[in-house]
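# Understanding the architecture of this molecule
As a plain string of letters, each chain reads:
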Amino acid sequence: MAREKTPEENAADNERKQLAEEKKKLKKEHEDNILFREALRKEFEIGFRLEHPNIVRYVSFHNDEILMEYVDGEDLLAFLKNHPTYFEDAEHFDKFVGQLLSALQYLHENQVLHLDLKPENIMLTRIGYDVKVVDLGCCYSDTFVDSTGYTTQYAAPEQLAGRKVDVRTDIY
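Reference entry: report on the structure contained in this document. (Residues numbered from 1 in each chain as written. Predicted model: local features only at pLDDT ≥ 70, side-chain atom pairs only at ≥ 80, totals over all residues. Heavy atoms only, no water.)

To continue, consider the packing of aromatic side chains. Counted by the stated rule, this structure contains 8 aromatic pairs. Relative to Tyr129, the ring of Phe79 has its centre 5.1 Å away and its plane inclined at 70°; by these criteria the two rings are edge-to-face. With Phe79 in helix H3 (residues 76–82) and Tyr129 in the loop between strand E6 (122–125) and strand E7 (131–133), this pair connects stretches of sequence that are 50 residues apart. Residue class for Phe79 comes out buried when judged on its relative accessible area of 1%. Judged by centre distance (5.1 Å) and plane angle (80°), the ring pair of Tyr86 and Phe87 falls under edge-to-face. The exposure class of Tyr86 is buried, given its relative accessible area of 12%. Members of the aromatic cluster, connected to one another through ring pairs, are Phe79, Tyr86, Phe87, Phe96 and Tyr129. (Phe/Tyr/Trp six-rings, centres within 6.5 Å; stacked < 30°, edge-to-face > 60°. Helix = DSSP H or I, 4+ residues; strand = E, 2+ residues; numbered from the N terminus. Buried < 20%, exposed > 50% of the residue type's maximum accessible area, 1.4 Å probe, protein only.)

Tyr58, Ile66, Phe96, Leu107, Ile122 and Val131 are the most contacted members of the largest nonpolar core, which has 32 residues in total. Taken together, the elements giving at least two residues each to this core come down to helix H2 (34–48), strand E2 (58–62), strand E3 (65–69), H3, helix H4 (90–109), E6 and E7. It is H4 that contributes the most residues to this core, 6 residues altogether. Excluding its chain neighbours within four sequence positions, the residues that come into contact with Ile122 are Glu74, Asp75, Leu76, Phe96, Leu100, Leu117, Val131 and Lys132. (Core = buried A, V, L, I, M, F, W, Y, C linked by side-chain atoms within 4.5 Å. Contact = heavy atoms within 4.5 Å.)

Moving on, we get to the sheet that holds E6. On the basis of which strands lie adjacent, the open sheet formed by 3 strands has the order E4-E6-E7 and antiparallel pairing. Either end of the sheet is taken by a strand with one partner, and the two such strands are strand E4 (73–75) and E7. This sheet shows a mean twist of 30° between the axes of neighbouring strands, independent of strand direction. The strands touched by H4 are E6 and E7; relative to E7, the strand with the most contacts, the crossing angle is about 30°. (Pairing = 2+ DSSP bridges. Axes fitted to C-alpha atoms, helices over the stretch in contact; angles between N-to-C directions.)

We note that Asn63 has phi near 50°; this positive angle belongs to a residue other than glycine. Position of Asn63 relative to the elements: it lies in the loop between E2 and E3. Assessed through its relative accessible area of 65%, Asn63 is described here as exposed. With a phi angle near 65°, Asp135 is a residue other than glycine that sits in the positive phi range. With respect to the secondary-structure elements, Asp135 resides in the loop between E7 and strand E8 (140–141). Residue classification places Asp135 among the partly exposed residues on the basis of a relative accessible area of 23%.

Take a look at the structure:
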């Protein structure tokens, strides 16, 4: 007979059930590469300690797989395609910029640089059109100083030149 769960275990189960899940794992070709495996672990460890309404929530890490909050929405590119006039309204624009800058300020206050901020890593929720910054895979923090990359077309000049990065890199 199975043992009865503690109240804490029941509460944790309920939270997991209420939280829709999104999984991130390594591509097949990178599964045996220790550098990619450690980068995935780094992403989780940095993301797990962050808690901000405009940054995706990291929930757990198991078997080289990250479980994170599911964002019911679309990335900024898809959003702009589907809602081309949305940001013509100053209130919408101000809300978007305010939420994005709030997320970046929180990251920077916690010694984290995103370093791969691009339209595909900025999501807008279907209800309320709230910002969610996703994908900390290339981030830099004072506890994990090695960044695994960036997206060339969105990279700041100092990234492309291999120079020191700072909070201005995310703003670029």
